[in-house]
Amino acid sequence: MPSFSRKSTDRLKTCSWDLQQVFQEVIKQYDCTILEGHRGEVKQNRLFAEGKSKVEWPDGKHNFYPANAVDVAPFPIPKNWGEDHWKDRVHFYQLAAIVKYVGKQMGVQIRWGGDWDGDGDYRDNTFDDLVHFELL
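This report concerns the structure included in the present document. None of these values were measured; they are calculated from a predicted model.

### So, the nonpolar core
Phe-23, Val-26 and Phe-133 are the most contacted members of the largest nonpolar core, which totals 28 residues. Contributions of two or more residues to this core are made by helix H2 (17-29), strand E1 (32-36), strand E2 (69-74), helix H5 (89-105), strand E3 (110-112) and strand E4 (132-135). In this structure, Phe-133 is in contact with Phe-23, Asn-68, Ala-69, Val-70, Val-72, Leu-95, Ala-96, Val-99, Ile-110, Arg-111 and Trp-112, ignoring residues within four places of it in sequence.

### Describing H5
The end-to-end C-alpha separation of H5 is 24 Å, in line with the 24 Å expected for 17 residues at 1.5 Å each. Taken together, the buried positions of H5 are occupied by Phe-92, Leu-95, Ala-96, Ile-98, Val-99, Val-102 and Gly-103. For H5, the arc enclosing every buried residue in end-on projection is 165°, short of the 170-degree limit, so these residues lie on one face. Across H5 from its buried face, at more than 90 degrees, point the exposed residues Val-90, Lys-104 and Gln-105. Just downstream of H5, Gly-107 is the residue with a positive phi angle, here 75°.

### Observations concerning the sheet that holds E1
Here we have four strands laid out as an open sheet, ordered E1-E2-E4-E3, and antiparallel in their pairing. Each having just a single partner strand, E1 and E3 make up the two edges of the open sheet. Within this sheet the neighbouring strands show an average axis-to-axis angle of 35°, counted without direction. Bridging between E1 and E2 involves four bridges; their strand directions are antiparallel. Across the sheet, the residue bridging to Thr-33 is Ala-73, located in E2. In this fold H2 packs onto E1, E2, E3 and E4, with an angle of close to 15° to the strand it touches most, E2.

Basis of the calculations
- Residues numbered from 1 in each chain as written.
- Predicted model: local features only at pLDDT ≥ 70, side-chain atom pairs only at ≥ 80, totals over all residues.
- Heavy atoms only, no water.
- Core = buried A, V, L, I, M, F, W, Y, C linked by side-chain atoms within 4.5 Å.
- Buried < 20%, exposed > 50% of the residue type's maximum accessible area, 1.4 Å probe, protein only.
- Helix = DSSP H or I, 4+ residues; strand = E, 2+ residues; numbered from the N terminus.
- Contact = heavy atoms within 4.5 Å.
- Expected span 1.5 Å × (residues − 1).
- Arc of directions from axis to C-beta.
- Pairing = 2+ DSSP bridges.
- Axes fitted to C-alpha atoms, helices over the stretch in contact; angles between N-to-C directions.

Set out below in structure tokens:
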């Protein structure tokens, strides 16, 4: 059974209790890594300036402490991490389905950055953030 590394565990601890509980269940079913929980002002504004976030500090769900958002990727991350990994949408869709299912079973509503409006149609997404999960 997969388990989180120390680094992933530490990152997850910066998130809300609900997100921690959901991802402790998710990891039992699907191997993944926690990329980021809480995000500070400098990084949030840098990501906004780079077009990798739609909000500036302090309006992001990562900006709360504990964070109401977490960035998670399927694991293991291939050696060719970068553009090729982000194009591997199938594994992100699989992870998202499990996260949403586990969240629903636990009574935690979660929005995924690959389907912002939650309608199940990924083609109408105008800003893909496939690693992003947030509390509604």
